[in-house]
Amino acid sequence: MSAAKANAEIIKDHAGSEPVEVALVLGSGLSGVGDLLDNRVEIPYEDLVDFPTGGVSGHGKSLLVGTLNGKRIAILTGRAHYYEEGRANIMRVPLESMREIGVKTLLLTNSAGSLEKDIPPGELMMISDHINYNGQNPLIGEPTDNRFVNMVDAYDPQLRKQALAIADELWLTVKEGIYAWYSGPSFETPAEIRMIKGFGANAVGMSTVPEAILARFLGMRVWACSSITNMGAGLSDENISHQHTKEMALKGAKKLEQLLERLVGEL
Ligand code: HPA
C-alpha cells in the first residue's frame, strides 16, 4: 500500500470516513487557525507514514481534522521545507495523503518578505502567481506524462476573486502579488532582493511554490496567501531573523484567520 493510502486509513480511523474536501497548510507563526476547529482530532505527524516532521521552530508537527465554519477540513499545522533536506518534493506524501482523503482544494499560507512599500509588515498578500527562483522542481523524477503540469492560473482565479470580496466585506486590506521562491535557509542578500524585484516578484519566501506545483499535479485547486513579516533584505533598517518572522507573523495571523474562516465556509 502506498504511504498516502496508509495515511488515509489512519486519518479515517481517527477522524471518521466522511470525506474531507479542504486542506490548509499553516506557515510560520500562523498556527492559531487550528484553535477555531470544532470536533477537532489531532494526529501527530510521527504517527503517519513518511510524513516529514519538519524541524523548524514556529511550525506545528501535527495534522488536525475538524470542522471550520461548517466545512470538514484538514489542517497541516506545519510544513517541511526544501532547505531541510534539499528535496523539493518533501511535501509530496502529505499532499498525496490529502488527496486520498478527498481533498479538492488546498489553501497554502506562509510568512514572507515584502518587496513593495505598499505591502508592509503585518499585511497580507494573496498570491496571484509565482516565480520559481529556486529552480528546483518537486516533479523532477516523476515518470508519468502528468509531470508536464500547466501552471497558467495555478492560483485559482475564482478563489482569489472570492477571497478579495470577503476581504472587502471584512474591511481587511489584502493585496495580490507574485511570490518568488528562494531556497533558504539563509535570507536573501540585498543584491538578490533587488534582482528578484526586478524579475517582477512582490514578495519572497522559502516555501509554498513546490506545494502549489504538487497540488496542481494532483488536480487540486490552489489558493495561497502570505503574511508579510518584514521588508526584503536591504529595503528597510529592520533586522531580518527567524525570531522576528515568528513575532511579526502574529500581526497578520489574525487577519488571515478571519479571511480563512469565511473563505472555507464558502467553498
Ligand atoms: N525572505 C525569505 N523568506 C522569508 C522572509 C524573507 O525576507 N521573511 C519571511 N520569510
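Shown above is the structure to which this text applies.
What you are looking at is a predicted structure, and each value in this text was computed from that prediction instead of being measured.

Asker: Sorry, what's going on with the pairing of strand β7 (residues 174-181) here?
Answerer: Each regular strand displays side chains that alternate between the two surfaces of the sheet. Pairing geometry for strand β6 (residues 124-131) and β7, over seven bridges, is parallel. Counted as the bridge partner of Ile127 is Gly177 from β7. Bridge count between β7 and strand β8 (residues 203-205): three bridges; the pairing is parallel. Opposite Tyr179, over in β8, you have Ala203 as the bridge partner. For the handedness criterion, the β-α-β arrangement of β7, helix α5 (residues 190-199) and β8 is classed as right-handed.

Asker: How do you make sense of the layout of surface pockets when you look at a structure like this?
Answerer: Quantified by volume, the largest pocket comes out at close to 330 Å³. Taken together, 25 residues make up the lining of the largest pocket; nearest its centre are Ser111, Phe187, Met206, His242 and Thr245. Of all elements in the fold, only β5 (105-114), β8, β9 (221-231) and α7 (242-266) reach the threshold of two or more residues within the lining of the largest pocket. By residue number, the principal contributor to the lining of the largest pocket is β5, which donates four residues. The residue inventory of the lining of the largest pocket, partitioned by class, reads nine nonpolar, 14 polar and two charged.

Asker: What exactly am I supposed to notice about the site of the ligand here?
Answerer: Taken together, Ser111, Ala112, Gly113, Phe187, Glu188, Val204, Gly205, Met206, Thr229, Asn230 and Thr245 make up all the residues around the ligand. Contact between the ligand and Ser111: a nitrogen atom at 3.3 Å from a main-chain N or O atom of the residue. With respect to the ligand, the backbone of Gly113 contributes an N or O atom lying 3.3 Å from a nitrogen atom. Judged by its atoms lying within 2 Å of the grid points, the ligand is housed in the largest pocket. Breaking the shell around the ligand down by element, the ones donating at least two residues are β5, β8 and β9. In the shell around the ligand, the residues fall into four nonpolar, six polar and one charged.

What counts, and at which threshold
Sequence positions are assigned chain by chain, starting from 1 and proceeding in written order. The predicted origin of the model limits local features to residues at a pLDDT of at least 70 and limits the giving and counting of side-chain atom pairs to 80 or more, whereas totals for whole chains, interfaces and linings rest on all residues. Excluded from the side-chain calculation are hydrogens and water; included are all heavy atoms of the structure. Criterion used throughout: strands pair if DSSP finds at least two bridges between them. Only runs of H or I of at least four residues qualify as helices and only runs of E of at least two qualify as strands under DSSP, and these elements are numbered from the N terminus. Whether a crossover is right-handed depends on one test, that the path from the first strand over the helix to the second runs clockwise when the strands point away from the viewer. Put simply, the grid is 1 Å and covers the protein atoms alone, a cavity is a trapped set of points that fit a 1.4 Å probe, a pocket is an open set with protein on both sides within 12 Å along at least five of seven lines, and lining residues have an atom within 4 Å of a point. Grid points are joined across faces, edges and corners, and a volume is the space filled by probe spheres set on the points. For this classification, Asp, Glu, Lys and Arg are treated as charged, while Ala, Val, Leu, Ile, Met, Phe, Trp, Tyr, Cys and Pro are nonpolar and the rest, including Gly, are polar. What makes a residue near a molecule or strand is one non-hydrogen atom of that residue sitting within 4 Å of it. Within 3.5 Å is the distance limit for a polar contact, defined as a pair of N or O atoms, with the added protein rule that one can donate a hydrogen and the other accept it, and that residues adjacent in sequence qualify only through two side-chain atoms. Whether a molecule lies in a cavity or pocket depends on its atoms, and more than half of them have to be within 2 Å of the grid points.

Any functional reading would require information that these geometric values do not contain.
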